[in-house]
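Letter by letter, the chains look like this.
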Amino acid sequence: MKDIYTAPFVEEMRKTTANMYRLGWDERNGGNVSLLLEESQVKDYVDGAVLREIPTGFSCPELDGKYFLVTGTGKYFKNVQYAPEVNLGLVRLTDGGETAQLLWGFTDGGKFTSEFPAHMMSHAARLKIDPQNHVVMHCHPANLLAMTYVHTLDERAFTRTLWQMCTECIVVFPDGVGVLPWMLCGTNTIGEATAGKMKEFRLVIWGMHGIYGAGKTMDETFGLIETVEKAAQIYMLTAHLPRVNTIRDDQMVELAEYFGVNYRKDFLN
Ligand code: 2HA
Ligand code: ZN
């Protein structure tokens with residue numbers, strides 16, 4: 001067996017959660033990340049022995065047998081880098097997704113994030129669209145949260161405003177952002193609503209709470225959220241000032257066509 005502390009997936013999770021904390025996206029126990037792993041990636045680091053079986057409270061047959069490295073409930077992102085074995089867990093789903101078999105981590109008796117339903121249902125939804133999707137990431141970036149208090153939550157209007165805030169936005173997330181109203185978090189209901197939006201969007205905003213991102217890699221997913229947060233920051237820096245200039249819709253079309261991205265045409269005027 002190789003030392004799991006040296007596994008690329010553990011190292012990546014430590015670095016990513018530390019970056020998210022450093023950017024102020026994950027105060028206290030805010031935020032959660034799940035990384036889908038292939039058996040070939042984990043087999044050198046765990047012997048397959050099941051340490052504990054944890055009921056998930058939902059069914060997700062599409063993910064049966066799949067492995068996930070996931071952050072723990074109540075755990076602080078700021079601590080993941082120093083004690084990954086307490087703050088992270090490596091699980092394999094079984095019983096049609098109703099049970100998570102713990103293979104490593106959560107050494108203090110802990111378990112996966114309270115948002116596990118939203119994560120797993122989002123993985124299942126994104127995998128149908130992109131079999132290479134491996135990451136689901138949730139956090140609470142300050143400017144984005146602020147924007148959900150002062151901007152309409154209509155997803156066309158919200159997306160178009162974000163696209164106007166930085167030239168590269170329409171190129172980075174041409175599919176736009178889905179938006180959910182405030183809902184009770186940690187439930188299967190918000191999980192199903194999030195996964196529903198994930199059929200159309202890689203980014204889903206939870207009004208007055210935060211954001212979900214999905215992508216092939218940690219970098220791609222982090223970059224999506226980082227770009228939305230930057231756009232929201234520009235919005236919050238300017239929303240109370242007279243708007244003298246803007247990126248026009250025809251200029252956004254020009255950008256999307258030049259960079260060859262398939263953008264939501266119905267989100268522009
Ligand atoms: O506590 O971010 O949405 C973790 C969360 C819940
Ligand atoms: Zn949250």
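Keep in mind that what you see is a predicted model, and the values were worked out from it rather than measured.

The rules behind these values
- Residues numbered from 1 in each chain as written.
- Chains lettered and ligands numbered in written order.
- Predicted model: local features only at pLDDT ≥ 70, side-chain atom pairs only at ≥ 80, totals over all residues.
- Heavy atoms only, no water.
- 1 Å grid on protein atoms, 1.4 Å probe; cavity = no way out; pocket = protein on both sides within 12 Å on 5 of 7 lines; lining within 4 Å.
- Points joined across faces, edges and corners; volume = space filled by probe spheres on them.
- Nonpolar A, V, L, I, M, F, W, Y, C, P; charged D, E, K, R; others polar.
- Helix = DSSP H or I, 4+ residues; strand = E, 2+ residues; numbered from the N terminus.
- Contact = heavy atoms within 4.5 Å.
- Axes fitted to C-alpha atoms, helices over the stretch in contact; angles between N-to-C directions.
- Parallel < 35°, antiparallel > 145°, perpendicular 65-115°, else oblique.
- Left-handed = near helix turned anticlockwise from the far one by under 90°.
- Near = heavy atom within 4 Å.
- Polar contact = N/O pair within 3.5 Å; in protein donor to acceptor, adjacent residues only side chain to side chain.
- Sits in = over half its atoms within 2 Å of the grid points.
- Buried < 20%, exposed > 50% of the residue type's maximum accessible area, 1.4 Å probe, protein only.
- Core = buried A, V, L, I, M, F, W, Y, C linked by side-chain atoms within 4.5 Å.
- Donors = N, O, S within 2.8 Å, 3.2 Å for Na, K, Ca; no water.

### Focus: the layout of surface pockets
Where empty space is left can be seen by rolling a probe of water-molecule size over the atoms.
Okay, so step 1: Volume-wise, the largest pocket comes out at about 190 Å³.
Okay, so step 2: As for the largest pocket, its lining consists of 17 residues, of which N29, G30, G31, N32 and S114 are closest to the centre.
Okay, so step 3: The residue makeup of the lining of the largest pocket, split by class, is 1 nonpolar, 13 polar and 3 charged.
Okay, so step 4: Taken as a whole, the second largest pocket encloses approximately 160 Å³ of empty space.
Okay, so step 5: Lining the second largest pocket are P8, F9, E12, L35, L36, L37, Q41, H134, V135, K216, T217 and M218.

### Here we look at the side chain of D249
Okay, so step 1: With respect to the helices and strands, D249 occurs in helix α11 (residues 249-258).
Okay, so step 2: Residues in contact with D249, not counting those within four places in the same chain, are R160, Q164, L268 and N269.

### Some remarks on the packing of helix α5 (residues 116-129) against helix α9 (residues 188-198)
Okay, so step 1: It is the contact of α5 with α9, at a shortest axis distance of 8 Å, that shows an interaxial angle of 20°. Considering their axes alone, α5 and α9 lie roughly parallel with respect to each other. Pair α5 / α9 crosses with right-handed handedness. Across the interface between the two elements, P117, A118, M121, S122, A125, R126 and I129 from α5 touch N188, G191, E192, T194, A195 and M198 from α9.
Okay, so step 2: Considered class by class, the residues forming the contact of α5 with α9 number 7 nonpolar, 4 polar and 2 charged.

### Things to note about the site of ligand 1
Okay, so step 1: What surrounds ligand 1 is the set N29, G30, G31, N32, E115, H138, H140 and H209.
Okay, so step 2: At 3.0 Å from an oxygen atom of ligand 1 is found a side-chain nitrogen or oxygen belonging to H140.
Okay, so step 3: Take H209: an N or O atom from its side chain is 3.0 Å from an oxygen atom of ligand 1.
Okay, so step 4: Structurally, ligand 1 is housed in the largest pocket.
Okay, so step 5: When the residues that make up the shell around ligand 1 are grouped by side-chain class, the tally is no nonpolar, 7 polar and 1 charged.

### Structural notes on the environment of N87
Okay, so step 1: Relative to the assigned elements, N87 resides in helix α4 (residues 84-87).
Okay, so step 2: Overall, the relative accessible area of 5% leaves N87 in the buried class.
Okay, so step 3: Here the alpha-carbon distance between N87 and G97, two residues 10 residues apart in the chain, equals 22 Å.
Okay, so step 4: Dropping the residues within four chain positions of it, N87 is found in contact with V70, T71, G72, K75, Y76, N79, V80 and F106.

### Quick look at the nonpolar core
In summary, soluble globular proteins display a tendency toward joint burial of nonpolar side chains.
Okay, so step 1: Counting 55 residues, the largest nonpolar core has I4, F9, L69, L90, L162, F173 and V177 as the members making the most contacts within it.
Okay, so step 2: The contact partners of L69, leaving out residues within four places of it in the chain, are F9, V10, M13, V33, S34, L35, L37, L88, G89, L90 and W104.
Okay, so step 3: Within the second largest apolar cluster, 29 residues are counted, among which are F58, C60, M121 and M198.

### A short note on helix α7 (residues 155-165)
Okay, so step 1: For α7, the buried fraction is high: 8 of the 11 residues fall into the buried class.
Okay, so step 2: For α7, the complete set of buried residues consists of E155, F158, T159, T161, L162, W163, Q164 and M165.

### Points about the coordination of the zinc ion (ligand 2)
Okay, so step 1: Only H138 (NE2), H140 (NE2) and H209 (NE2) from the protein coordinate the zinc ion (ligand 2), and they sit 2.1 Å from it.
Okay, so step 2: Considered as a linear motif, the donors of the zinc ion (ligand 2) on their single chain read H-x1-H-x68-H.
Okay, so step 3: Accessibility expressed as a relative area gives 15% for H140, which makes it buried.

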